[in-house]
Amino acid sequence: MIAAVRGTRDILPGAVERWRHVEAVARRICERYGYVELRTPIIEREELFAKGTGESTDIVQKEMYAFTDKGGERVTLRPEATPGIVRAFVEHALEQSLPVPKLYTLGPMFRYERPQKGRYRQFHQLNVEVFGVTDPSLDAEVVEMACSFVRALGIGRTELLINSVGCPACRPAFSEALLKALGDDLPKLCGDCQRRATANPLRIFDCKVPADQPIIDALPHPVEFLCDACGEHFDAVQRYLRAYGQPFQVSHRLVRGLDYYTRTTFEVLASNLGAQNALLGGGRYDGLVKKLGGPDRAGIGFAAGLERLVLALPEAVSAPVPDVFVAAIGDEAREAAFVLARLLRAEGLRTLVDYEARSAKAQFKRANRTGARHVVIVGGDELARGEVTVKTMATGEQHAVLRAKVVEVLRSAS
Ligand code: HAM
């Protein structure tokens, strides 16, 4: 047997209903807040992420499924959706066709990470992105929408963390302060942190190495270095969240593992998921559109991990049961049974049939296993009279019904 690739998963019947539920709620919430759907390719040029996600990030350094294609081009499976959405926004000049570019997308992402519960190499995200709005009211709306989405799924016991990572005007002072505070401790940090210190000191906050944590916890916080404009922006975001009655906590280490963020960053954590507890994360990225060759437009958004939402869902979501199982009694009834099944399906009823000319008993057994609400028995004398028998499985009642009336009877019974 050839097994699935490590870190990838089949979503089996029985589990898929939970996925469809999460996706349906995601679409409903997005559309309620004025987002339209966009679908971008799963494969993109490698440089899009090197430039967009950032050369100094773990994603670009260690986790991309990048390769040279047969034409000699460097491409990669997308590790995240944001750079691809920005590319599409620029490539199709979407700000001209969409009055407020609010976009959402659902689909698979790929990161070569160490698989564990809630962390996979192929995983799925809901992504939402908005372009061209700098006002903090939008930051608060995006954060509030993310929380409403999680609540609409019935996931309780969550925590909203927010932070501000400043802008290119205040970032250099903060990076300098970080290096200064590290001072003699820098050589004590892990190899990755040494590399981060030169490439992008902010990334030191991404470190998960236990021995490094006491040093990192003692470092200065980005909010202490915000310029006036960034400080006011962050205050305003918090005011709006309070007005919405949305509880939050300011988390000074929340710099997020991607290089494009400016100002607001946020995450929603679930209490019942163990180590991989971030249900969603996002933030503002005001320089990214320009960096990727577009006009100077602000951007903000978030991505939610569908695997984690599905894990955190409170109640079972079951597959729809069939409305009808059509049982043919005797060979001469088979054709009539198939024709009836076709009619029932055309009328919108979920209909199963037997293909293998089993005995009546075997067909009833099978109908029972499928959970069908009704069995329609086709055959015998009734067939000659233009009738079928309808049996309601819950009560065991059965009666003859004119074939022409069967849809009506089944509809009124379900
Ligand atoms: P991210 O924090 O890398 O952000 O991912 C967002 C969410 O995707 C995480 O909170 C988690 O739920 C899920 N996720 C990430 N990696 C995995 C994995 N290996 N297995 C399962 N789930 C995972 C981004 O991707 C940004 N593009 C978000 C964004 C959009 N920022 C602005 N706009």
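Look up a bit, the structure's there.
First, a word on scope: everything that follows refers to the structure included in this document. (Residues numbered from 1 in each chain as written. Predicted model: local features only at pLDDT ≥ 70, side-chain atom pairs only at ≥ 80, totals over all residues. Heavy atoms only, no water.)

1. Quick notes on the overall build of the chain
The following threshold applies: Numbering goes from the N terminus for both helices and strands, where a helix is a DSSP run of H or I of at least four residues and a strand is a run of E of at least two. To get the radius of gyration, use the C-alpha atoms; to get the globule rule, take the number of residues to the power 0.38 and multiply by 2.2 Å. Note on classification: 1.4 Å probe, protein chains only; a residue is buried when its accessible area is under 20% of the maximum for its type, exposed when over 50%, partly exposed between these limits. Throughout, a residue-residue contact means that at least one pair of heavy atoms, one from each residue, lies within 4.5 Å. Accessibility throughout is a Shrake-Rupley quantity obtained with a 1.4 Å probe, and a residue counts as covered only by protein chains that appear here. Charged residues are defined narrowly, with Lys and Arg counted positive, Asp and Glu counted negative, and His plus the chain ends left uncounted. We put the charge of a Lys on NZ, of an Arg on CZ, of an Asp on CG and of a Glu on CD.
Tallying secondary structure elements over the chain gives 16 helices and 16 strands in all. Taken against the 2.2 N^0.38 rule, which gives 22 Å for 414 residues, the C-alpha radius of gyration of the chain at 28 Å runs more than 25% over that of a compact globule. Taken over the C-alpha atoms alone, the chain extends approximately 95 × 50 × 40 Å along its principal axes. Burial analysis of the chain (414 residues in total) assigns 50% to the buried set. Taking contacts inside the chain between residues at least 6 apart in sequence as the whole, the part at least 24 apart equals 69%. Here the chain displays about 20,200 Å² of accessible surface, and carbon together with sulfur accounts for 52% of that area. Averaging the locations of the 55 positively and 52 negatively charged side chains of the chain gives two centres separated by 4 Å.

2. What about the packing of helix α2 (residues 46-54) against helix α4 (residues 82-91)?
Each pair of packed helices can be described by the angle between their axes along with the distance between the axes. Convention followed: Throughout, an axis means a line fitted to C-alpha atoms (over the contacting stretch in the case of helices), and angles, computed between N-to-C directions, take values from 0 to 180 degrees. Roughly parallel here means an angle under 35 degrees, roughly antiparallel means over 145, roughly perpendicular means 65 to 115, and every remaining angle is called oblique. Residues are grouped as follows: Ala, Val, Leu, Ile, Met, Phe, Trp, Tyr, Cys and Pro are nonpolar; Asp, Glu, Lys and Arg are charged; all remaining types, including Gly, are polar.
The N-to-C vectors of α2 and α4 enclose an angle of 105°; their axes lie 9 Å apart at closest approach. Looking at the two axes, α2 sits roughly perpendicular to α4. On the side of α2, the interface is formed by Leu-48, Phe-49, Gly-52 and Thr-53, while α4 contributes Pro-83, Gly-84 and Arg-87. Looking at the contact of α2 with α4, its residues break down into 3 nonpolar, 3 polar and 1 charged.

3. Topic: the nonpolar core
What counts here: To form a nonpolar core, buried Ala, Val, Leu, Ile, Met, Phe, Trp, Tyr and Cys residues must be joined to one another through side-chain atoms within 4.5 Å.
Counting residues in hydrophobic clusters, the biggest one holds 47 residues, and the most contacted among them are Tyr-35, Leu-126, Phe-149, Phe-266, Leu-279 and Leu-309. The biggest single contributor to this core is helix α6 (residues 136-152), with 9 residues. One finds Ile-85, Phe-131, Ile-204 and Tyr-261 within the second-largest nonpolar core, a separate group that totals 42 residues.

4. A word on the packing of aromatic side chains
The way to describe two aromatic rings as a pair is by their centre distance and the angle between their planes. Spelled out, the test is: Two rings from Phe, Tyr or Trp (for Trp, the six-membered ring) form a pair when their centres are within 6.5 Å of each other. A pair whose planes differ by under 30 degrees is stacked, one over 60 is edge-to-face, and the rest are tilted. For a Lys NZ or an Arg CZ to count as sitting over a ring, it must be within 6 Å of the ring centre and within 35 degrees of the ring normal.
Following the criterion strictly, the structure yields 10 aromatic pairs and no others. Ring geometry for Phe-89 against Phe-131: centres 4.2 Å apart, planes inclined by 20°, an arrangement best described as stacked. Here Phe-89 is found in helix α4, whereas its partner Phe-131 is found in strand β6 (residues 122-131), with 42 residues between them in sequence. Each member of the pair Phe-89 and Phe-131 is classed as buried. One aromatic cluster in this structure is built from Phe-89, Phe-131, Tyr-260, Tyr-261 and Tyr-285. Taking the ring centre of Tyr-120 as reference, the NZ or CZ of Arg-9 above it sits at 4.3 Å. Just above the ring of Tyr-112 sits the side chain of Arg-121; from NZ or CZ to the centre is 3.8 Å.

Shape descriptors only; they carry no functional weight alone.
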